[in-house]
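Geometric and topological summary
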Amino acid sequence: MLKHLLYMRLKLNNILKIKNADIEFGGLTVLTGENNTGKSTVGKVLFTLLKAVNNVRHLDRIKSVSLIRKELLAVERMFSNNPQISLLLKDIQDLSVGLTDGSIPIESFLNDIENAVDTEETPIRKLTMLRNSLTRIKKYTDILDNPENAVRSEFESISKSEFMEPINSYGTNHSVIHFQDDTTDSDGSDILINIRDGKVAGIQSVGNTSIEDITYIESPVFLQILNILRITSPIVTDSLRGIENSLGKENIPFHLADMAEKILSPSEYTGLFADILEEDLRQLLERINEIIGGEFVMDGKTKQLSFHLQGHSVPPVSVASGIKSFGMLQRLIQTANLSAYKMLVWDEPEIHLHPEWQISLCEMIVELVANGIPVIVSSHSPYFVQGLRYFAAAKGLEKDVRYYMAEASSESGMATVKEVTEDLNSVFTLLAAPLRKIMNVDEVRNTQK
């Protein structure tokens, strides 16, 4: 048995299609199995959890002061002719600090503001805007007082966006998500989420995970509608940091809006900062350029993405899907969204790729892992799994790779995810079975005679 050198772990019980899963990751984690066995669920649950935790973690007290000050200034402008409001807000900076550190009681302050407004004489829109500002101020202070409640709120918002339904398995009333990370400080990180009757019943959180961000790639086709995705997110991708660049009206999965923000963000490794990029990643970018014959570039003025090919600028909609697959990886590296602290989850990366390009992408994924970047991949393709296996061996990284297979019960339809690192033959037997069935053309011809 290979010694386990990975120190992050995700356990799932009764989550949608998955009855049980116990998965270690941190290097390269490969999920295989037939359709509708919950492979995508694993990645999306992990994405939802880590996004929620990090959104809350990034909201510190200094940022809270800034956000509260912004809301108080808005209230001051709305009610500039109200002497009572002006008196209550005479020193907004000190007031913001006091509300943040608790020296000014939040409830009594909010009551004082509301009591100072004549609701009968004030237009309804103005009252609504005031109440929205006061609600946000209360939210910012509540988050600091109780981060677990903040994680709950973020998790529920992102989960609703990702799954659009309760995430407990059908017919069950208790589900569990348990995430552990021993790659952080000596105490590690431990997050336990209990879900009852489709709602989060409780969250226990200890420590901070070493993962600062996570990206989930579902399909390269979305590369051509990034601007639409960015402006139609149901919630702000950095929802607790007050960055209002993704407010929208349509209900789309959170990971798509998150990806749009990243792909369309300015390239970090350019100009004076180009020398920061690891040499191996620089070579990886050059390899991508060589394979697809060009480079995806974001125009800083128009915020539009285009593919530069032999002096021509081509819109993503006119670019082959296989090229877009490599383009997504290209942009994530350029925008500094992959690192030892920024995880990548890629659902079925082999789709849209010619076998030769599948093998090239396998090599690149292993190269990411060789640079310390944690990667999770799900795949139906025995060729893709073998490609990952081959390049992991070539790089001396087999100790950092875990293979898991999801299998659904014929009785319940629920899937169990089991480790098959030491039994990859079972993976290839399962994935190659359909091909073996249609290999003997002569036999099928004879049956027609």
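Scroll up a little and you will see the structure.
Being a predicted model, the structure only gives us computed values, none of them experimental. (Residues numbered from 1 in each chain as written. Predicted model: local features only at pLDDT ≥ 70, side-chain atom pairs only at ≥ 80, totals over all residues. Heavy atoms only, no water.)

**A short note on the overall build of the protein**
Condition: Every helix listed is a DSSP run of H or I at least four residues long, and every strand listed is a run of E at least two residues long, numbered separately from the N terminus. Only protein chains enter the area calculation, which uses a 1.4 Å probe; residues under 20% of their type maximum are buried, those over 50% are exposed, and those in between are partly exposed. Contacts were defined at the residue level, with two residues in contact if any of their heavy atoms lie within 4.5 Å.
The secondary structure content of the protein amounts to 15 helices and 14 strands. Counting all 449 residues of the protein, 49% fall into the buried class. Restricting the contact set of the protein to residue pairs at least 6 apart, pairs at least 24 apart contribute 68%.

**Quick notes on the pairing of strand 8 (residues 295-298)**
Our working definition: DSSP calls a pair of strands paired once it identifies at least 2 bridges connecting them.
Side-chain alternation along strand 8 places Phe296 and Met298 on a buried face and Glu295 and Val297 on a face that remains uncovered. What sits between strand 8 and strand 9 (residues 305-309) in their antiparallel hairpin is a turn of six residues, with lysine 303 showing a positive phi close to 60°.

**Looking at the sheet that holds strand 3 (residues 28-33)**
What links the strands of a sheet is backbone hydrogen bonding, and the strands pair in either a parallel or an antiparallel sense. Definition in use: Here, axes are lines fitted to C-alpha atoms. For helices the fit covers the stretch in contact, and angles between N-to-C directions go from 0 to 180 degrees.
Taken together, the 11 strands give an open sheet; going across it, the order is 6-5-4-1-2-14-13-3-12-11-7, and neighbouring strands pair in mixed fashion. The outermost strands of the open sheet, each flanked by one partner alone, are strand 6 (199-206) and strand 7 (213-217). In this sheet, neighbouring strand axes are inclined to one another by 15° on average, regardless of whether the strands run parallel or antiparallel. Strand direction decides the pairing type here: strand 3 and strand 13 (residues 401-408), joined by six bridges, are parallel. Each bridged residue has a counterpart across the sheet, and for threonine 32 the counterpart in strand 13 is methionine 405. Packed onto the sheet, helix 1 (residues 39-57) meets strand 1 (8-15), strand 2 (18-25), strand 3, strand 4 (174-181), strand 5 (189-196), strand 7, strand 11 (342-347), strand 12 (375-379) and strand 13 and runs at close to 150° relative to strand 7. Against the sheet, helix 7 (residues 147-163) makes contact with strand 4, strand 5 and strand 6, and its axis sits at roughly 130° relative to strand 6, the strand it touches most.

**Topic: the pattern of salt bridges**
As a working rule, side chains carrying opposite charge can pair if their charged atoms are close by. Heads up, the rule is: Salt bridges, as used here, are contacts in which a Lys or Arg side-chain nitrogen is within 4 Å of a carboxyl oxygen on Asp or Glu.
Enumeration over the complete set of coordinates arrives at 13 salt bridges. Of the charged contacts in the structure, one is a salt bridge between aspartate 22 and arginine 9, with a shortest N-O distance of 2.7 Å. Of this pair, aspartate 22 sits in strand 2 while arginine 9 sits in strand 1, and the two are 13 residues apart along the sequence. According to the relative accessible area criterion, aspartate 22 is partly exposed, its value standing at 31%. What makes arginine 9 partly exposed here is its relative accessible area of 30%. The shortest N-O distance in the salt bridge between arginine 287 and glutamate 290 comes to 3.4 Å. Of this pair, arginine 287 and glutamate 290 both sit in helix 10 (residues 279-292), three residues apart, roughly one helical turn. Taking the relative accessible area as the measure of exposure, arginine 287 reaches 32% and is therefore partly exposed. One salt-bridge network, held together by shared partners, links Lys51, Asp213, Asp258 and Lys262.

**Focus: the nonpolar core**
Condition: To define a nonpolar core, start from buried Ala, Val, Leu, Ile, Met, Phe, Trp, Tyr and Cys residues and group those joined through side-chain atoms within 4.5 Å.
Leu28, Leu329, Leu368, Val375 and Leu388 are the most contacted members of the largest nonpolar core, which has 54 residues in total. In this view, leucine 368 contacts Leu281, Leu284, Leu329, Ile333, Leu338, Leu344, Ile373 and Val375; residues no more than four positions away in its chain are not counted. By size, the runner-up hydrophobic cluster in this structure holds 43 residues, among which are Leu31, Phe155, Phe163 and Phe179.

**A look at the packing of aromatic side chains**
The cut-off we apply is this: Think of it this way: a Phe, Tyr or Trp ring, Trp meaning its six-membered ring, pairs with another when their centres are within 6.5 Å, and the plane angle makes it stacked under 30 degrees, edge-to-face over 60, tilted otherwise. In this analysis the charged atom, NZ for Lys or CZ for Arg, is taken to sit over a ring once it is within 6 Å of the ring centre and within 35 degrees of the ring normal.
Following the criterion strictly, the structure yields six aromatic pairs and no others. Here phenylalanine 296 and phenylalanine 307 contribute two aromatic rings whose centre-to-centre distance is 4.8 Å and whose plane-to-plane angle is 40°, an arrangement assigned as tilted. Residue phenylalanine 296 is located in strand 8, and its partner phenylalanine 307 is located in strand 9; the two are separated by 11 residues in the primary sequence. Looking at phenylalanine 307, the relative accessible area reads 2%, which means it is buried. Members of the aromatic cluster, connected to one another through ring pairs, are Phe47, Tyr216 and Phe254. Positioned above the aromatic ring of phenylalanine 79 is the side chain of lysine 126, whose terminal nitrogen or guanidinium carbon lies 4.9 Å from the ring centre.

**Quick look at empty space enclosed by the protein**
Defined as follows: The method works on a 1 Å grid over the protein atoms by themselves. A cavity is a set of points holding a 1.4 Å probe that cannot get out, a pocket is an open set with protein on both sides within 12 Å along at least five of seven lines, and residues with an atom within 4 Å of a point line them. Grid points are joined across faces, edges and corners, and a volume is the space filled by probe spheres set on the points. Residues are grouped as follows: Ala, Val, Leu, Ile, Met, Phe, Trp, Tyr, Cys and Pro are nonpolar; Asp, Glu, Lys and Arg are charged; every other residue, Gly included, is polar.
All told, the structure shown has one cavity of 30 Å³ or more when counted by the stated rule. If you add up the space inside the largest cavity, you get close to 40 Å³. For the lining of the largest cavity, the secondary-structure elements that each account for two or more residues are helix 1, strand 11 and strand 12. By residue class, the composition of the lining of the largest cavity is six nonpolar, three polar and two charged.

**Some points on helix 1**
Stated formally: How far a helix is expected to stretch is found by multiplying one less than its residue total by 1.5 Å.
The first and last C-alpha atoms of helix 1 sit 28 Å apart over 19 residues, in line with the 27 Å expected at 1.5 Å per residue. Counting buried residues along helix 1, 17 of its 19 residues qualify, which places the element largely inside the surrounding structure.

**Observations regarding the packing of helix 2 (residues 61-78) against helix 6 (residues 124-145)**
Under the convention used in this document: When describing relative orientation, an angle under 35 degrees is termed roughly parallel and one over 145 degrees roughly antiparallel, while 65 to 115 degrees is termed roughly perpendicular and anything else oblique. For a crossing to be left-handed, the near helix must be turned anticlockwise from the far one by less than a right angle; the clockwise case is right-handed.
Where helix 2 contacts helix 6, the two axes come as close as 10 Å, and the packing angle between them is 165°. Taken together, the axes of helix 2 and helix 6 lie roughly antiparallel to each other. Crossing hand, helix 2 versus helix 6: left-handed. Here Arg61, Ser64, Leu67, Ile68, Glu71, Leu72, Ala74, Val75 and Met78 of helix 2 come into contact with helix 6, specifically with Lys126, Met129, Leu130, Ser133, Arg136, Ile137, Tyr140, Thr141 and Leu144. Here the residues of the contact of helix 2 with helix 6 sort into 11 nonpolar, three polar and four charged.

**Here's the deal with the sheet that holds strand 9**
Spatially, 8-9-10 is the arrangement adopted by the three strands of the open sheet, whose pairing is antiparallel. On the outer flanks of this sheet lie strand 8 and strand 10 (312-314), each paired with one strand and no other. The average undirected angle you get between the axes of adjacent strands in this sheet is 40°. In this sheet, strand 9 lies alongside strand 8 in antiparallel orientation, the contact comprising four bridges. When the bridges of strand 9 are listed, valine 297 appears paired with serine 306. Seen against the sheet, helix 11 (residues 321-334) touches strand 8 and strand 9 and runs at an angle of roughly 55° to strand 8.

Keep in mind these values describe shape, not function.
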